[in-house]
Amino acid sequence: MSEEVDVTPQNRSKTASGSQTSQSSQDTPTFGCKLDSTDILTSILSTLMLDKEQVVHCNIMKAGLKFTVHKSKTLYAKAYVKSNVFREFQLQEGFETVHFAVSLPIFLQCLQVFGASSHMQLTYSAQQEQVFLMLEDHGVITQCDIKVLEVEDIEDFNFRSSNIVSRAVVKSGHLRLCFGELDVPGATEVAIAFNQQAPFLSFAVEGDSNFVEIEFPPDSDSEAFTEFECKEPTVVKYPLALVRLCIKGLAKADHTNLRVNQQGMLSMQHVIPTPDDKLTNWVEFFMCSLSEPSD
């Protein structure tokens, strides 16, 4: 697979290659959108950086943008950005959905040319197989032309094919403090336990010389839980290195929805508000367990 990107600062609009023919005159964009600030988009996409060569798939629908990534077929993540987050959001007539894939590091690098506060215009041309980014900050304009990648689409983990046995909606700040305590030298896995009696939710790791377990208070404690449900007591172990990739979104999230299905697969969904707190978007991670669920 190959990808090209050209980033050119300029004081007036033109193609990054210097051609006198504009992209709009060559081809009507399949999709176009505008943002007054790239902050929310970069915040969400940065949580999907699972690998330094990460490829991100973008599915465009009338309801918004869906981004998906995966790592070694054991970790799958998706993020949604609603269409009403954008100042303008236009999918060409005749298209129900549009898909493309690009390098996530390059995409983020382009979005952050001026930092998080720049104005953004993004267009995608299915005919030219390119993503065009126009960024503006205090009258300075940069255009980035990113060639899309030819890669296979990501297979969904199909989390909902198995019944959910336990779930908890936890304030993200509490989880962030919890995982800070679980940073134990030599630990390679984390056990997550859901119980019908206190402690209702606990996280445990074992390192080279010590064992650490964090227990959460009852669901009646509004300081931690928003919702809690446990149909049967469950203890499941997951790779700690992969869990650490999932918790990057905690710093940006308001609350996090944890779910475990009968196969032991974990769903960790972070609800991320926009800077003005008027809208919410979300990022969700799915992870396979190291062992079958146990009581």
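In what follows, the accompanying structure is described.

**A look at the pairing of strand β13 (residues 201–206)**
A regular strand places its side chains so that they alternate between the two faces of the sheet.
Part 1: The element β13 is extensively covered by neighbouring structure, given that five of its six residues are classed as buried.
Part 2: As paired strands, strand β12 (residues 189–194) and β13 are joined by five bridges and run antiparallel to one another. Of the residues in β13, the one forming a bridge with Val 190 is Val 205.
Part 3: Joining the antiparallel neighbours β12 and β13 is a turn of six residues.
Part 4: The sheet contact formed by β13 and strand β14 (residues 211–216) spans six bridges and is antiparallel. Each residue of the ladder has a partner; that of Phe 203, found in β14, is Ile 214.
Part 5: Counted between consecutive antiparallel strands, the loop separating β13 from β14 contains four residues.

**Describing the state of the cysteines**
Part 1: Applying the stated criterion to the full structure yields zero disulfides.
Part 2: Free cysteine: Cys 58, not disulfide-bonded; nearest cysteine sulfur from Cys 33 at 8.5 Å.
Part 3: Assessed through its relative accessible area of 3%, Cys 58 is described here as buried.

**Comments concerning empty space enclosed by the protein**
Part 1: Taken as a whole and assessed by the stated rule, the structure comprises one cavity of 30 Å³ or more.
Part 2: In this structure, the largest cavity spans a volume of roughly 50 Å³.
Part 3: In terms of lining, the largest cavity is formed by Phe 31, Leu 41, Cys 58, Ile 60, Leu 65, Phe 67, Phe 100, Phe 107 and Leu 122.
Part 4: Looking at the lining of the largest cavity, the elements with two or more residues in it are β3 (55–61) and β4 (64–71).
Part 5: The class makeup of the residues in the lining of the largest cavity is nine nonpolar, no polar and no charged.

**Notes on unusual backbone geometry**
Part 1: With omega at 0°, the peptide bond leading from Ala 198 into Pro 199 counts as cis.
Part 2: Mapping Pro 199 onto the fold places it in the loop between β12 and β13.
Part 3: The phi dihedral of Glu 129 is positive, around 55°, even though this residue is not glycine.
Part 4: Among the structural elements, Glu 129 can be located in the loop between β8 (119–125) and β9 (130–137).
Part 5: At Asn 158, a position not held by glycine, the phi torsion is positive, near 55°.
Part 6: Mapped onto the elements of the fold, Asn 158 is located in the loop between β10 (140–147) and β11 (164–171).

**Description of the nonpolar core**
Part 1: Residues Phe 67, Met 120, Leu 201 and Phe 203 are the most contacted members of the largest nonpolar core, which totals 80 residues.
Part 2: Setting aside chain neighbours within four positions, we find Met 120 in contact with Cys 33, Lys 34, Leu 35, Thr 38, Leu 41, Phe 86, Leu 111, Leu 133, Met 134 and Leu 135.
Part 3: If you look at the next biggest cluster of nonpolar residues, it comprises six residues, including Tyr 76, Ile 154, Phe 159 and Phe 286.

**Some words on the packing of aromatic side chains**
Part 1: For the structure shown, the criterion picks out 13 aromatic pairs.
Part 2: Relative to Phe 228, the ring of Phe 200 has its centre 5.4 Å away and its plane inclined at 75°; by these criteria the two rings are edge-to-face. Placement of the pair is Phe 200 in the loop between β12 and β13 and Phe 228 in strand β15 (residues 225–230), with a sequence separation of 28 residues.
Part 3: Among the residues examined, Phe 200 registers a relative accessible area of 13% and is labelled buried.
Part 4: Between the aromatic rings of Phe 203 and Phe 216, the centroid separation amounts to 5.8 Å while the plane-to-plane angle is 65°, which identifies the pairing as edge-to-face. Residue Phe 203 is found in strand β13, and its partner Phe 216 is found in strand β14; the two are separated by 13 residues along the sequence. This pair shows no difference in class: Phe 203 is buried, exactly as Phe 216 is.
Part 5: Each member of the aromatic cluster is reached from another via a ring pair, and the members are Phe 179, Phe 194, Phe 200, Phe 203, Phe 216, Phe 225 and Phe 228.

About the cut-offs
- Residues numbered from 1 in each chain as written.
- Predicted model: local features only at pLDDT ≥ 70, side-chain atom pairs only at ≥ 80, totals over all residues.
- Heavy atoms only, no water.
- Buried < 20%, exposed > 50% of the residue type's maximum accessible area, 1.4 Å probe, protein only.
- Helix = DSSP H or I, 4+ residues; strand = E, 2+ residues; numbered from the N terminus.
- Pairing = 2+ DSSP bridges.
- Disulfide = S-S within 2.5 Å.
- 1 Å grid on protein atoms, 1.4 Å probe; cavity = no way out; pocket = protein on both sides within 12 Å on 5 of 7 lines; lining within 4 Å.
- Points joined across faces, edges and corners; volume = space filled by probe spheres on them.
- Nonpolar A, V, L, I, M, F, W, Y, C, P; charged D, E, K, R; others polar.
- Core = buried A, V, L, I, M, F, W, Y, C linked by side-chain atoms within 4.5 Å.
- Contact = heavy atoms within 4.5 Å.
- Phe/Tyr/Trp six-rings, centres within 6.5 Å; stacked < 30°, edge-to-face > 60°.

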